[in-house]
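Residue-level structural notes
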Amino acid sequence: MSLRRLIGFNLLSAAVLGVAGYYLGWWLGHQINGPSIAYFGDTGQNDIALFLAYLVGVIGFLVGLGFANYPVQRMLGKPPSLREKEQAGWTRYFGLCTDHKVVGIQYLIGIGAFIFIGGLNAMLIRYELLTPNQHAWNANNYLTIVSLHGTMMMGMMTSGILGPFANYFVPIMIGARRMAFPRIEALTFWLLMAAGFILMTSLAFGGIPTGWTGYEPLANQANMGMDAYIAFFALVGLSMCLLGLNMLVTVITMRAPGMSWGRLPIFVWGVISTAVLMALAAPVLISTLLMVTLDRTAQTSFFNDQVGGSPYLYENLFWFFGHPEVYILALPGMGILLEILPVFARKPLWGYRLAVTGMLGIALLSFLVWQHHLFVSGINADVRPFYMLSTELISLPTGFIFICALGTLWRGRIRLEVPMLFALAWIFNFLIGGLSGVFLSDVPSDVTTHGSFFSMAHFHYTIMGGLLFAFFGGIYFWVPKMTGFKFNERLAKIHFWVMFIAFNSTFGPLLVIGFLGMPRRVVTYAGYLQGANVWVSVSAFVLGASMLVFVYNLVYSMVFARVPAGANPWGSKSIEFQLPSPVPVHNFDRIPTFGPDPYPYGEGVAVTRPVVAPARPER
Amino acid sequence: MWSSWSHARRLTVLTVVGTIVLLPIVIFVLGPNMPPGKNTNVGDQQVFDNTVLLVVMTPFTVFILAYLLYAVFTFRADPAEPERDGAPIRGHMPSQVAWLTTTTIAVLFLAIFGSAELLTSGAGGGQGPKPIAKPSGSVLPVQVIAQQWEFTYRYPTYGGVETAQLEIPVDTEIAFHVTSLDAIHSFWAYELGVKADANPGVDNIAYVKSKQTRDFQIRCAELCGLWHGYMYDTGKVVTHDEFTTWIAQQKQLYAGSLKYLPPYSTSYAPDPTFRAG
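The rules behind these values
- In this convention, every chain numbers its residues from 1, walking through the sequence in written order.
- Written order determines the labels here, with chains lettered from A and ligands numbered from 1.
- Confidence filtering applies because this is a predicted model: local features only for residues at pLDDT of at least 70, side-chain atom pairs given and counted only at 80 or more, and all residues used for totals across whole chains, interfaces and linings.
- Segments assigned H or I by DSSP are reported as helices when at least four residues long, segments assigned E as strands when at least two residues long, and all are numbered from the N terminus.
- The size measure is the radius of gyration over C-alpha atoms, and the globule rule it meets is 2.2 Å times the number of residues to the 0.38 power.
- Counts of 20 or more other C-beta atoms within 10 Å of a residue's own C-beta define buried residues, counts of 12 or fewer define exposed ones, and intermediate counts define partly exposed ones; C-beta atoms are placed from the backbone.
- We call two residues in contact when the distance between their C-beta atoms, placed using the backbone, is within 7 Å.
- Source of the domain bounds: an automatic or database domain assignment.
- Three classes are used, and their members are as follows: Ala, Val, Leu, Ile, Met, Phe, Trp, Tyr, Cys and Pro are nonpolar, Asp, Glu, Lys and Arg are charged, and the others, Gly among them, are polar.
- We treat two strands as partners when DSSP finds at least two bridges between them.
- Orientation is described by lines fitted to C-alpha atoms, with helices fitted over the stretch in contact, and by angles between N-to-C directions that extend from 0 to 180 degrees.
- An angle below 35 degrees is treated as roughly parallel, one above 145 as roughly antiparallel, one from 65 to 115 as roughly perpendicular, and anything else as oblique.
- By convention, the crossing between two helices is left-handed when the near helix turns anticlockwise from the far helix through less than a right angle, and right-handed when the turn is clockwise.

If you tally the helices and strands in chain B, you get five helices and 10 strands. The globule rule puts the C-alpha radius of gyration for 277 residues at 19 Å, and the 26 Å found for chain B is more than 25% above it. Projected onto its principal axes, the C-alpha positions of chain B cover 90 × 45 × 30 Å. A total of 277 residues make up chain B; the buried ones form 39% of that total. The contacts of chain B with a sequence gap of at least 6 include a subset with a gap of at least 24, amounting to 71%.

Put into structure tokens, the structure is as follows:
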């Protein structure tokens with residue numbers, strides 16, 4: 001490593017400038033004074049200082065990474081440095097790099113680390129719930145753990161599939177050499193990392209009492225830990241919005257010759273529908289959080305019913321973002337599912353157009369259902385039938401995805417490789433998730449299930465059973481392509497079976513516990529539920545242990561065993577598997593041309609593979 | 001190798017047989033045990049509603065699970081054989097149309113059924129200040145005041161007395177007026193089948209009529225801060241006579257404090273409720 005590398009713009013300088021920015025912002029915030037802020041003097045709280053500290057700190061972090069170099073040098077009329085385009089060496093993974101494949105791997109590791117932290121929080125929650133009375137964490141710490149778990153997962157996993165897999169594979173799948181906006185692509189990743197770090201700093205400021213929903217007026221009462229939540233979600237929203245726009249522009253403008261809309265791999269359609277949601281829903285989140293920030297700092301009263309505001313406003317705005325958000329989590333999983341099934345069923349995707357309609361239909365409908373989170377809140381009781389209808393209508397496009405998945409299996413030659421196991425598990429889990437969702441969409445039934453462990457188990461079935469299983473399916477399917485090394489299959493199968501069984505043994509009983517009347521986010525519960533809760537906790541620990549098997553397999557297979565995977569370990573006919581593993585820096589020597597058939601599987605099908613000239617591998 | 005038709009026939013048989021076997025279990029074993037129990041009129045309704053949902057779901061669930069298992073076992077490639085591809089089927093319009101029709105009918109039925117159920121009694125859910133589904137006849141109003149972190153109950157027809165316990169008479173239509181003094185809470189009387197969010201400044205009304213005397217759990221179902229997990233209570237459904245005696249006792253007991261309470265109102269503004277002053 002050269003000296004220039006060490007003192008240039010890298011993670012080290014980013015950390016230094018980030019910390020410096022943090023203290024600069026903190027100091028600046030304390031210079032702001034006035035009668036309406038004098039209140040802070042009494043409690044030792046200064047939310048303005050903390051918000052400015054986060055803001056300036058993030059800016060310092062990004063400048064330290066080198067995000068300002070290009071615009072500044074262009075403004076000064078100098079030729080821009082191309083350091084961010086450096087093409088070799090492991091150090092590019094630790095800084096600003098505009099290669100979409102590097103960003104994909106950065107995302108995978110970065111998001112993986114934060115998911116691991118979120119998962120640890122879940123273990124702590126289940127440890128507390130071993131007994132009906134509080135025994136391990138005090139009430140404040142318990143709520144903070146619950147909030148960190150929810151917020152970390154809901155925030156980080158928004159990019160859980162689009163970050164690693166879409167950034168890596170969408171340009172390749174549409175025959176491009178890069179994303180439309182490579183610097184923005186890198187920015188989305190580093191914003192997310194800064195956000196995750198900021199969320200964890202809430203521990204130093206008294207934690208978060210609100211769960212991931214951050215309902216007002218509770219959020220307004222909360223101490224400064226809440227500011228970390230706000231800064232986290234705003235940065236995640238920004239990252240999401242930019243990621244979505246980048247994906248949309250890339251797919252719209254950078255498709256290779258022959259790659260018409262009807263030939264896009266179904267995963268790309270999953271990405272597009274997700275990206276639409278990201279680009280449209282995230283701004284609502286950011287502006288809502290801006291209002292919360294103003295309520296907390298400048299003493300405005302958007303959400304204060306005593307002086308003209310309304311907590312309903314927050315609930316409406318939050319869920320107007322929040323419901324598309326859960327489909328931001330679910331849709332890419334459906335994309336991965338339908339991408340994996342044809343390869344291992346050795347058949348073309350069944351009902352391509354139906355699947356696309358399903359995904360776009362889900363994306364559209366998800367904006368029309370948000371008030372089902374407010375069925376018992378007392379707002380607009382007379383429009384509940386409409387939201388009941390719109391919510392239940394979502395099961396139609398979701399049904400399209402199911403029938404396409406099942407149709408693809410029809411008379412296939414199914415090979416139960418590990419990615420296929422995860423895809424099949426997705427179908428099972430999402431079925432349970434969808435069916436339990438019907439109870440929540442139906443108002444009379446929702447009266448009992450709302451806010452109970454039932455609704456918690458429901459969304460874990462859809463998000464963990466859907467998204468996370470698809471995420472792992474994607475990992476086993478694509479990581480050999482990304483790194484060039486095979487996973488140990490035996491360990492992978494152990495991981496799958498332990499995870500699948502423990503997952504169902506955790507969340508299946510939770511559906512029943514919810515039916516029996518246990519509310520969410522409580523540190524105490526009725527004594528007669530202890531047996532069931534102990535069962536769930538033990539299953540959850542096994543579920544957590546299965547993740548350790550995965551981490552061990554990942555490190556063992558990718559770092560130590562290093563068995564070459566070859567270009568096409570699964571016999572896939574998709575374009576990314578026609579390139580060498582790992583994919584060379586420029587993807588293609590010449591831009592490929594695509595034939596009419598995105599899924600040329602099946603006996604007697606003339607294989608019209610895309611005409612690919614892979615770039616020379618890097619040395 | 002069988003034809004598509006024989007696969008389809010076998011799947012249909014599996015689905016139909018599975019559904020026929022499961023439906024009686026769902027209706028007669030699972031259904032009556034669905035939450036929240038048949039203790040009140042809305043509880044009855046929710047149990048019935050949950051049973052109908054289960055019945056509608058059963059054939060779909062059986063079909064998808066049967067299909068999944070059937071596909072994995074029947075269409076699985078023999079690892080010993082050389083790798084071959086499956087049949088190049090890209091879709092099948094009749095099955096797509098059939099699926100779309102079936103699911104649409106099920107969804108529309110559920111939406112209409114749920115709306116009808118909702119509009120008859122409100123199903124025990126909070127309906128806000130202007131309820132659309134009101135019971136006919138007289139109701140006993142009971143105000144539920146949530147605050148961090150307890151519920152208190154006010155009986156406006158009994159001089160506005162505010163009590164720390166909840167007792168309601170049996171066979172009487174109760175109107176819970178749920179409101180909050182600070183954060184958002186949710187009044188959940190599990191065995192009654194009642195849930196209504198408590199919002200500051202909002203009068204959220206839910207109706208229920210209990211069929212029998214019993215105790216019921218009350219829990220806060222919306223995260224409301226530090227001691228949310230401890231915000232629970234036990235309420236009682238009692239006979240009319242017991243209720244009359246009890247409320248008279250309460251009036252006597254709280255007579256001293258009653259004069260310091262604000263007059264009964266649909267919402268209260270304790271001072272200060274917000275942070276910056």
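Turning to the domain arrangement of chain A, a few remarks are in order. Residues and elements named next belong to chain A. We note that the domain assignment places domain 1 (1-32 + 44-81) and domain 2 (99-614) within chain A. Taken residue by residue, the interface counts 12 residues in domain 1 and 14 residues in domain 2. Examining the composition of the side of domain 1 that touches domain 2, we find that nine residues originate from one element, helix α4 (residues 47-65), more than from any other. Residues that form the side of domain 1 that touches domain 2 fall into these classes: 10 nonpolar, one polar and one charged.

All names here are of chain B. Strand order in the open sheet made by the five strands is β4-β10-β9-β6-β7, with mixed pairing throughout. Two strands bound the open sheet, and with one partner strand each, they are β4 (167-169) and β7 (194-198). Direction aside, neighbouring strands of the sheet carry axes that sit 20° apart on average. Bridge count for strand β6 (residues 185-189) against strand β9 (residues 214-220) is three bridges, and the pairing is antiparallel. Bridging from a neighbouring strand, F187 pairs with C220 of β9.

This part takes up the interface of chain A and chain B. At the junction of the two partners, chain A supplies 84 residues and chain B supplies 80 residues. Put simply, the parts of the chain that give the side of chain A that touches chain B at least two residues each are α7 (139-156), α10 (218-221), α13 (311-345), α15 (384-393), α16 (395-409), α17 (418-441) and α18 (443-449) of chain A. The class makeup of the residues in the side of chain A that touches chain B is 47 nonpolar, 25 polar and 12 charged.

On to the packing of α15 of chain A against helix α3 (residues 93-121) of chain B, then. It is the contact of α15 of chain A with α3 of chain B, at a shortest axis distance of 9 Å, that shows an interaxial angle of 155°. Classified by the angle between their axes, α15 of chain A and α3 of chain B sit roughly antiparallel to one another. The hand of the α15 of chain A/α3 of chain B crossing is right-handed. Contacts between α15 of chain A and α3 of chain B involve R384, P385, M388, L389, E392 and L393 of chain A from the first element and V107, L110, A111, G114, S115 and L118 of chain B from the second. Across the contact of α15 of chain A with α3 of chain B, the residue classes tally to eight nonpolar, two polar and two charged.

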